[in-house]
Amino acid sequence: MTLLDGKKVSNDIKDEIKAEVDAMKANGEKVPHLAAVIVGDDGASLTYVGSKVRACERIGFESTLVKMPHTTSELELLKKIKELNTNDDIDGFIIQLPLPPQIDTQKVLMAVDPSKDVDGFHPENFGKMALDMSTFIPATPFGILELLERYDVDTKGKHTVVIGRSHIVGRPMSILMSRRGWPGNSTVTLTHSNTKNISQITTQADIIISALGVPNFLKAEMVKDDVVIIDVGITRVPDEEHPKGYVIRGDVDFEKVSEKASFITPVPGGVGPMTIAMLLKNTLLAREQRRT
Ligand code: GUN
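Fair warning: this is a prediction, and the values are worked out from it, not measured in the lab.

Novice: Where do I start with the overall build of the protein chain in this structure?
Specialist: The helix and strand tally for the protein chain stands at 10 helices and 11 strands. In terms of overall dimensions, the protein chain is globule-like: its C-alpha atoms have a radius of gyration of 19 Å, near the 19 Å expected for 292 residues. For the protein chain, the spread of C-alpha atoms along the principal axes amounts to about 55 × 40 × 40 Å. Residue burial in the protein chain is summarised as follows: out of 292 residues, 49% are buried. By sequence separation, contacts in the protein chain at least 24 residues apart represent 71% of the contacts at least 6 residues apart. When the accessible surface of the protein chain is split by element, carbon and sulfur atoms take 51% of a total near 13,700 Å². Here the protein chain contributes 35 positive and 40 negative side-chain charges, whose respective centroids are spaced 2 Å apart.

This is the structure in structure tokens:
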């Protein structure tokens, strides 16, 4: 079994990006500037956004954190997006999801200038991705592709089973794994909450990408020998013994499933850090595209 070490690979990627930023600085060029908007005070979202901003600092990007109260109206958020769209100093920005219920998420994502949409959530960018055109690929699926590539995982002709059809992970992942090229060229089954007899499908899988958010969902008896496991789950499970009062758990019963797997991502330290690294990569790309 080989551990797909997202922490290590993400650090390698960040070092590669930092080298490019250092070169930009040495040439007297503007460095990439990422802005992140967070609405409300959800603990997990604040943690993720904080990590994104800290990662920017580490590699020499400029960063701006925009915190808005949970009572923010849709109109106020749209106004903020317009400001970020027209602010020439900002190369890319993200709106951390989920948004409070009074705000229409699709409307908000459609208001982001596609050239600054480093999350790749705007329909124009999502459509380009589905059509194999060059664009921003959503950070989590992009990070999974990068992990598969850097560990030389064979995906051609394999049966990839994606669990979960979210717009952020499952749906784009299913599209990307079926694309021509590598990593890709898989035969993809997209499963979700209405899938019947999911074990019958997962036991046929060569590669399983689980983005469900149900701790310990995928058990050893649901997978075959030598399966490749990508665990996207990051659920906070209450744990009094831990100083934070919770522990992070993935979708996969790591202890038992890892005994059968050929490759597996740990949680934490697998897909999570890759998401941040690829957001930085998209921001670097956004800067480069604005320069030319
Ligand atoms: N919420 C959970 N994952 C993500 C992500 O990749 N981007 C944004 N903007 N919000 C998220």
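Novice: Would you explain the pattern of salt bridges in this entry?
Specialist: It is possible for side chains of opposite charge to pair when their charged atoms get near one another. What the rule picks out here adds up to 16 salt bridges. Here Asp15 ties to Arg58 by a salt bridge, and the two come within 3.5 Å at their closest N and O atoms. Of this pair, Asp15 sits in helix 1 (residues 6-26) while Arg58 sits in helix 2 (residues 43-59), placing them 43 residues apart in sequence. By relative accessible area, Arg58 is classed as partly exposed at 41%. Close ionic contact of Glu124 with Lys128 constitutes a salt bridge, the shortest N to O distance being 3.9 Å.

Novice: Honestly, the sheet that holds strand 7 (residues 207-210) in this entry has me stumped. Any pointers?
Specialist: Sheet strands line up and pair through hydrogen bonds in the backbone, either parallel or antiparallel. Pairing within the open sheet is parallel, and its 6 strands lie in the order 1-11-8-7-5-6. Two strands in the sheet have a free side with no partner beyond their single neighbour: strand 1 (2-3) and strand 6 (187-191). Two strands pair when backbone bridges link them, and strand 8 (residues 228-231) and strand 11 (residues 263-264) are joined in this way by 2 bridges, in the parallel orientation. Looking across to strand 11, one finds that Ile229 is bridged to Ile264. Sheet strands in contact with helix 7 (residues 170-178) are strand 5 (159-163), strand 6 and strand 7, and its direction is about 170° off that of strand 6.

Novice: When you look at the environment of Arg249 in this model, what are you seeing that I'm missing?
Specialist: Tracing the backbone through its elements, the reader meets Arg249 in strand 10 (residues 246-249). Residues Arg249 and Asp88 lie 161 residues apart in sequence; the distance between their C-alpha atoms is 40 Å. If near-sequence neighbours (up to four positions away) are discounted, Arg249 is found in contact with Pro215, Gly233, Ile234, Thr235, Val237 and Val267.

Novice: Honestly, the site of the ligand in this entry has me stumped. Any pointers?
Specialist: Near the ligand the following residues occur: Lys52, Ile95, Gln96, Leu97, Asp119 and Phe121. The separation between a nitrogen atom of the ligand and a polar main-chain atom of Ile95 is 2.8 Å. Compared with its free state, where it exposes 280 Å², the ligand has 83% of that area covered by protein. For the shell around the ligand, the per-class residue count stands at 3 nonpolar, 1 polar and 2 charged.

Novice: What exactly am I supposed to notice about the side chain of Asn85 here?
Specialist: Its location among the elements puts Asn85 in helix 3 (residues 74-86). The class for Asn85 is buried, based on a relative accessible area of 19%. When sequence neighbours within four positions are dropped, the list of residues in contact with Asn85 reads Phe93, Ala111, Val112, Asp113 and Lys116.

Novice: I'm lost on the layout of surface pockets in this one. Help?
Specialist: One water molecule sets the probe size; rolling that probe over the atoms shows where empty space is left. Estimates place the volume of the second largest pocket at around 200 Å³. In terms of lining residues, the second largest pocket is bounded by Leu97, Thr105, Gln106, Leu109, Phe121, His122, Pro123, Phe126, His167, Ile168 and Arg171. At the level of secondary structure, the elements contributing two or more residues to the lining of the second largest pocket comprise helix 4 (105-111) and helix 5 (123-130). The element best represented in the lining of the second largest pocket is helix 4, accounting for 3 residues.

Novice: What is the right way to look at the nonpolar core in this model?
Specialist: When a protein is soluble and globular, its nonpolar side chains tend to lie buried together. Counting residues in each nonpolar core, the largest one holds 49 residues, and the members touching the most others are Ile17, Phe61, Ile144, Ile209, Ile230, Val232 and Leu280. Looking at this core, the elements with two or more residues in it are helix 1, strand 2 (33-39), helix 2, helix 6 (139-150), helix 7, strand 7, strand 8 and helix 10 (271-291). Not counting residues up to four positions away in its chain, the partners in contact with Leu280 are Lys14, Ile17, Ala55, Cys56, Ile59 and Phe61. Ranked by size, the runner-up nonpolar core spans 18 residues in total, among them Ile90, Leu97, Ile103 and Val112.

Novice: Explanation requested: helix 2 in the structure shown.
Specialist: An α-helix turns once per 3.6 residues; consequently, residues spaced three or four apart project the same way. The terminal C-alpha atoms of helix 2, which comprises 17 residues, lie 25 Å apart, in line with the 24 Å expected from a rise of 1.5 Å per residue. Where helix 2 is concerned, the buried positions are Ala44, Ser45, Val49, Lys52, Val53, Ala55, Cys56 and Ile59. Where helix 2 is buried, its residues touch helix 1, strand 2, strand 3 (62-68), strand 4 (92-95), strand 9 (235-238) and helix 10. Just downstream of helix 2, Gly60 is the residue with a positive phi angle, here 90°.

Novice: Hey, could you run me through unusual backbone geometry in this one?
Specialist: With glycine set apart, most residues show a phi of negative sign, and most peptide bonds adopt trans. Backbone torsion omega between Leu97 and Pro98 reads 0°, so that peptide bond is classified as cis. On the secondary structure map, Pro98 appears in the loop between strand 4 and helix 4. For the bond from Trp182 to Pro183, the omega torsion is -5°, close enough to zero to count as cis. Mapped onto the secondary structure, Pro183 falls in the loop between helix 7 and strand 6.

Each value, and the rule that gives it
- Residues numbered from 1 in each chain as written.
- Predicted model: local features only at pLDDT ≥ 70, side-chain atom pairs only at ≥ 80, totals over all residues.
- Heavy atoms only, no water.
- Helix = DSSP H or I, 4+ residues; strand = E, 2+ residues; numbered from the N terminus.
- Rg over C-alpha atoms; globule rule 2.2 N^0.38 Å.
- Buried < 20%, exposed > 50% of the residue type's maximum accessible area, 1.4 Å probe, protein only.
- Contact = heavy atoms within 4.5 Å.
- Areas by Shrake-Rupley, 256 points an atom, 1.4 Å probe, with all protein chains shown as cover.
- Lys, Arg positive; Asp, Glu negative; His and termini not counted.
- Charge placed at Lys NZ, Arg CZ, Asp CG, Glu CD.
- Salt bridge = Lys/Arg side-chain N within 4 Å of Asp/Glu carboxyl O.
- Pairing = 2+ DSSP bridges.
- Axes fitted to C-alpha atoms, helices over the stretch in contact; angles between N-to-C directions.
- Near = heavy atom within 4 Å.
- Polar contact = N/O pair within 3.5 Å; in protein donor to acceptor, adjacent residues only side chain to side chain.
- Nonpolar A, V, L, I, M, F, W, Y, C, P; charged D, E, K, R; others polar.
- 1 Å grid on protein atoms, 1.4 Å probe; cavity = no way out; pocket = protein on both sides within 12 Å on 5 of 7 lines; lining within 4 Å.
- Points joined across faces, edges and corners; volume = space filled by probe spheres on them.
- Core = buried A, V, L, I, M, F, W, Y, C linked by side-chain atoms within 4.5 Å.
- Expected span 1.5 Å × (residues − 1).

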